[in-house]
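# Coordinate inspection notes
Take a look at the letters that make up each chain.
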Amino acid sequence: MTTESHSTTVLPLAPGDWVFDPLHSSVGFTIRHLGISKVRGRFNELSAGLLVGDTLDASSITATVALASIDTGNADRDAHVRAADLLDVEKRPTMSFRSTRIAGAGEDWTLEGDLTIGDVTRPITFDVEFGGVVDVPMDGTRHAGFDATGEFRRSDFGLDFAPGFLGDVIKVSLEVQFVEPK
């Protein structure tokens, strides 16, 4: 791996469009409730794309989450969060991410990009741990794994409902796998 400059640094992955593996990927979140405890949940519908170029500058990552797929383990709470007075999934059906910069080496990386919820877009940074690449013995495919964590303020996206009940900061955690292009 060369590290002379950001534009010439290469990822430790084969170039091409890596295929998202939804069966081995997930996105979770944590938000404070009443300031004293945390509510954890996940989104069950996630799609992502990884384009590996010859350099970091030529590489990109995208992800889209269906907000209606929220799952906090409580169906009544989930239905309420989807409603117009809270998340309003009719108005804001997705949360999407598009990378603007990838930096790092070895296992530790930083991913910067634009997070869009509804019609509002704001910058976000994820700390990324590269889990490595492994050959799957059953079918011979090569998989790469990543863990990414970041946080954003929901008020920055116009999601300022229930102040005092729900915290403003949402912590996001993604665990994703991609399959090497053939």
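As a starting point, this report considers the structure included with it. (Residues numbered from 1 in each chain as written. Predicted model: local features only at pLDDT ≥ 70, side-chain atom pairs only at ≥ 80, totals over all residues. Heavy atoms only, no water.)

## Some thoughts on the environment of Gly-104
Using the following cut-off: In this text, helices come from DSSP runs of H or I with a minimum length of four residues, and strands from runs of E with a minimum of two, each type numbered from the N-terminal end.
Along the chain, the position of Gly-104 falls in strand S7 (residues 94-105). Taking the C-alpha atoms as reference points, Gly-104 and Leu-56, separated by 48 residues in sequence, lie 9.3 Å from one another.

## Re the environment of Gly-164
Convention followed: Partly exposed residues are those whose accessible area sits between 20% and 50% of the maximum for their type, while under 20% is buried and over 50% is exposed, using a 1.4 Å probe and protein chains only.
With respect to the secondary-structure elements, Gly-164 resides in the loop between strand S10 (142-153) and strand S11 (166-179). Classification of Gly-164 as exposed rests on a relative accessible area of 62%.

## Some words on the packing of aromatic side chains
We count it as follows: Only Phe, Tyr and Trp rings take part, Trp by its six-membered ring, and two of them pair if their centres are within 6.5 Å. Stacked means planes under 30 degrees apart, edge-to-face means over 60, and tilted covers everything else.
The final tally for this structure, using the stated rule, is 6 aromatic pairs. When the centroid spacing of 6.3 Å and the interplanar angle of 70° are considered together, the rings of Phe-146 and Phe-178 count as edge-to-face. Of this pair, Phe-146 sits in strand S10 while Phe-178 sits in strand S11; the two residues are 32 residues apart in sequence, bridging distant segments of the chain. When sorted by exposure, Phe-146 lands in the same class as Phe-178, which is buried. Here a set of aromatic residues connected by ring pairs shows up, and it is made of Phe-20, Phe-130, Phe-146 and Phe-178.

## Brief notes about a nonpolar patch on the surface
Which entries qualify depends on this criterion: Distance thresholds for patches are 9 Å for like charges and 5 Å for nonpolar side chains (Val, Leu, Ile, Met, Phe, Trp, Tyr), applied to residues having over 30% relative accessible area and no salt bridge. For the area figures, the Shrake-Rupley method with a 1.4 Å probe applies, and any residue is considered shielded solely by the protein chains shown. What counts as a salt bridge is simple: a side-chain nitrogen of Lys or Arg found within 4 Å of a carboxyl oxygen of Asp or Glu.
On the surface, Leu-34, Ile-36 and Phe-165 cluster together to form a nonpolar patch covering roughly 340 Å² of accessible area. Position of Leu-34 among the secondary structure elements: in the loop between strand S2 (26-33) and strand S3 (37-43).

## Re a negative patch on the surface
Cut-off, in case you're wondering: Charged-residue counts in this description rest on Lys and Arg as positive and Asp and Glu as negative, His and the chain ends being excluded. In plain terms, the charge of a residue is placed at NZ if it is Lys, CZ if Arg, CG if Asp and CD if Glu.
There is a patch of like negative charges on the surface, built from Glu-107, Asp-108, Asp-127, Glu-129, Asp-147 and Glu-175. As for its position among the elements, Asp-108 is in strand S8 (residues 108-117).

## Considerations on the pattern of salt bridges
Throughout the structure, instances matching the rule amount to 4 salt bridges. In this structure, the salt-bridge partner of Glu-180 is Arg-142, at a minimum N-O distance of 3.4 Å. Linking Glu-180 in the segment after S11 with Arg-142 in strand S10, this pair joins segments that are 38 residues apart in sequence. The closest approach of N and O atoms between Asp-168 and Arg-153, which form a salt bridge, is 3.4 Å. Taken as a pair, Asp-168 in strand S11 and Arg-153 in strand S10 lie far apart in primary sequence, 15 residues in all. Several salt bridges share partner residues, and in doing so they unite Asp-135, Arg-142 and Glu-180 into one network.

## Some thoughts on the pairing of strand S1 (residues 16-20)
Selection rule: Criterion used throughout: strands pair if DSSP finds at least two bridges between them.
Note that S1 and strand S4 (residues 46-52) share 3 bridges and pair antiparallel. Bridge pairing in S4 places Trp-18 opposite Leu-50. Across 2 bridges, the pairing between S1 and S11 is antiparallel. Bridge pairing in S11 links Phe-20 to Phe-178.

## Structural notes on the nonpolar core
Threshold: As used here, the term nonpolar core means buried Ala, Val, Leu, Ile, Met, Phe, Trp, Tyr and Cys residues forming a set that is joined through side-chain atoms within 4.5 Å. Whether two residues touch is decided by their heavy atoms; if any such pair falls within 4.5 Å, the residues are in contact.
By size, the foremost hydrophobic cluster in this structure holds 44 residues, and its most contacted members are Phe-126, Phe-146 and Phe-152. Excluding its chain neighbours within four sequence positions, the residues that come into contact with Phe-152 are Met-95, Leu-115, Ile-117, Ile-124, Phe-157, Asp-168, Val-169, Ile-170 and Val-172.

## Description of the pairing of S8
Bridging between S7 and S8 involves 10 bridges; their strand directions are antiparallel. Within S8, the position partnered with Met-95 by the bridge is Ile-117. Between S7 and S8, which pair antiparallel and follow one another directly, the connecting turn spans 2 residues, one of which, Gly-106, has a positive phi of 65°. Examined bridge by bridge, S8 and strand S9 (residues 120-135) share 10 bridges and lie antiparallel to one another. Note on S9: the bridge partner recorded for Thr-110 is Asp-127. Turn length for the S8-S9 hairpin, with the two strands adjacent in sequence and antiparallel, is 2 residues, and the turn residue Gly-118 shows positive phi of about 65°.

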